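Tertiary structure, described
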Amino acid sequence: MEELIQDLKGKIIEVLNLEDVTPEDIENDAPLFGEGLGLDSIDALELIVMMEKEYGIKLKNPAEGKEIFKSVSVMAQFISENRTK
C-alpha cells in the first residue's frame, strides 16, 4: 500500500502541475481539498481522469469523488480495491 501511496503522490503532483510540491510535502491523511493541499473542483476532474487512465477506474457518480478524494490514503485504499490496471 505504501508503494501505491507514493506513486499516487507523484501522479497528483504531475497531473496537477504542483511545481513547488514534493511527495514528502503531501501527508497521507491530510485533506486534499480545503485547508489541506487546497485543491479545487477543476483539480477533482483532473484526478478522475488520472484514475481512469492510470488505474482503469471509472467513477459512475462524480459525487463519489468527494469521499474518495478525502486524502491520499483514502484514494489509495479505493484504488487498491477497484483498480483494473
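These remarks concern the structure in this document. (Residues numbered from 1 in each chain as written. Predicted model: local features only at pLDDT ≥ 70, side-chain atom pairs only at ≥ 80, totals over all residues. Heavy atoms only, no water.)

Examining the packing of helix α1 (residues 2-15) against helix α2 (residues 41-55)
- Taken N-terminus to C-terminus, the directions of α1 and α2 make an angle of 125 degrees; their axes are 11 Å apart at the nearest point. Relative to α2, the element α1 is oriented oblique. Our pair here, α1 against α2, has a crossing hand that is right-handed. In this structure, α1 uses Leu4, Asp7, Leu8, Lys11, Ile12 and Val15 to contact α2, whose residues at the interface are Glu46, Leu47, Met50, Glu54 and Tyr55.
- For the contact of α1 with α2, the residue count by class is 7 nonpolar, no polar and 4 charged. (Axes fitted to C-alpha atoms, helices over the stretch in contact; angles between N-to-C directions. Helix = DSSP H or I, 4+ residues; strand = E, 2+ residues; numbered from the N terminus. Parallel < 35°, antiparallel > 145°, perpendicular 65-115°, else oblique. Left-handed = near helix turned anticlockwise from the far one by under 90°. Contact = heavy atoms within 4.5 Å. Nonpolar A, V, L, I, M, F, W, Y, C, P; charged D, E, K, R; others polar.)

Examining the side chain of Lys11
- Within the secondary structure, Lys11 sits in helix α1.
- On the accessibility criterion, Lys11 (16% relative accessible area) is buried. (Buried < 20%, exposed > 50% of the residue type's maximum accessible area, 1.4 Å probe, protein only.)

Regarding helix α4 (residues 72-82)
- Among the residues making up α4, those that are buried are Val72, Met75, Ala76, Phe78 and Ile79. For α4, the arc enclosing every buried residue in end-on projection is 165 degrees, short of the 170-degree limit, so these residues lie on one face.
- Looking at the buried residues of α4, the elements they touch are α1, α2 and α3 (64-68). (Arc of directions from axis to C-beta.)

With respect to the pattern of salt bridges
- For the structure on display, the rule yields 4 salt bridges.
- When the shortest N-O distance is used, the salt bridge between Glu54 and Lys11 registers 3.7 Å. One end of the pair, Glu54, is in helix α2; the other, Lys11, is in helix α1, and 43 residues separate them in sequence.
- A salt bridge links Lys58 to Glu52, with the nearest nitrogen and oxygen atoms 3.7 Å apart.
- Where salt bridges share partners, they join Asp7, Lys11 and Glu54 into one cluster. (Salt bridge = Lys/Arg side-chain N within 4 Å of Asp/Glu carboxyl O.)

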